[in-house]
Amino acid sequence: ALVAIGRMEDASSLLHSAIENAYAAGERFLLWRIHASLGRLYCATGHQEAAGKERSAARAFIDELVGDSLQRHPPDEKGLVHVNAVRLEVEAEYIP
């Protein structure tokens, strides 16, 4: 919402605070989303190098979460992973 009204610095500050708070609270599941949001903000403001770093951080957290999940629920002989009902969210965006 802050980005939509042109308050980029406020949005950046809020996202950096959110990252600190998520680390402090041990909320690993939130970190990838916050880093991805910060990456989009940097991209929108022309900071491509910083955007790339944030997208890489988001991907690293996703890889970590997937790895942890596969350790708890290893694939069967067909390579399929079976888990009890869970909420799965996937977010993707095209970045040229």
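Residues numbered from 1 in each chain as written. Predicted model: local features only at pLDDT ≥ 70, side-chain atom pairs only at ≥ 80, totals over all residues. Heavy atoms only, no water.

(A) Structural context of the overall build of the protein chain. Within the protein chain, the secondary structure is distributed over three helices and zero strands. From first element to last, N terminus to C terminus, the protein chain shows the α and β order α-α-α. Relative to its length of 96 residues, the protein chain is extended, with a C-alpha radius of gyration of 16 Å against a globular reference of 12 Å. The dimensions of the protein chain, computed from C-alpha atoms along their principal axes, are 50 × 35 × 20 Å. Each of the 96 residues in the protein chain was classed as buried or not, and the buried ones make up 21%. Across the protein chain, contacts joining residues at least 24 apart in sequence account for 42% of those joining residues at least 6 apart. Accessible area of the protein chain: about 7100 Å², with a carbon and sulfur share of 56%. Of note, the protein chain has its 10 positive side-chain charges centred 3 Å away from the centre of its 14 negative side-chain charges. (Helix = DSSP H or I, 4+ residues; strand = E, 2+ residues; numbered from the N terminus. Rg over C-alpha atoms; globule rule 2.2 N^0.38 Å. Buried < 20%, exposed > 50% of the residue type's maximum accessible area, 1.4 Å probe, protein only. Contact = heavy atoms within 4.5 Å. Areas by Shrake-Rupley, 256 points an atom, 1.4 Å probe, with all protein chains shown as cover. Lys, Arg positive; Asp, Glu negative; His and termini not counted. Charge placed at Lys NZ, Arg CZ, Asp CG, Glu CD.)

(B) Local environment of the confidence of the model for the protein chain. Here the protein chain shows a mean pLDDT of 87. Residues at 70 or above account for 94%. The element-level mean pLDDT for the protein chain is lowest in helix 1 (residues 8–25), coming to 91, with helix 3 (residues 48–72) highest at 93. (pLDDT = per-residue confidence, 0-100.)

(C) Up close: the environment of R33. Relative to the elements of secondary structure, R33 occurs in helix 2 (residues 28–44). Taking C-alpha positions, R33 is 25 Å from H82, a pair spaced 49 residues apart along the chain. Excluding its chain neighbours within four sequence positions, the residues that come into contact with R33 are E89 and E91.

(D) Inspection of the environment of T45 at higher detail. In this fold, T45 is placed in the loop between helix 2 and helix 3. Judged by its relative accessible area of 29%, T45 is partly exposed. Sequence separation between T45 and V3 is 42 residues, and the spatial gap between their C-alpha atoms is 9.7 Å. Within the structure, T45 has its side chain in polar contact with the backbone oxygen of Y42 (distance 3.1 Å). (Polar contact = N/O pair within 3.5 Å; in protein donor to acceptor, adjacent residues only side chain to side chain.)

(E) How the structure looks around helix 2. Here helix 2 is 17 residues long and its end C-alpha atoms lie 25 Å apart, about the 24 Å a rise of 1.5 Å per residue gives. Here helix 2 has its buried residues at L31, W32, I34, H35, A36, L38, G39, L41 and Y42. Where the residues of helix 2 are buried, they touch helix 1 and helix 3. Backbone geometry just downstream of helix 2 places G46 in the positive-phi region, at approximately 80°. (Expected span 1.5 Å × (residues − 1).)

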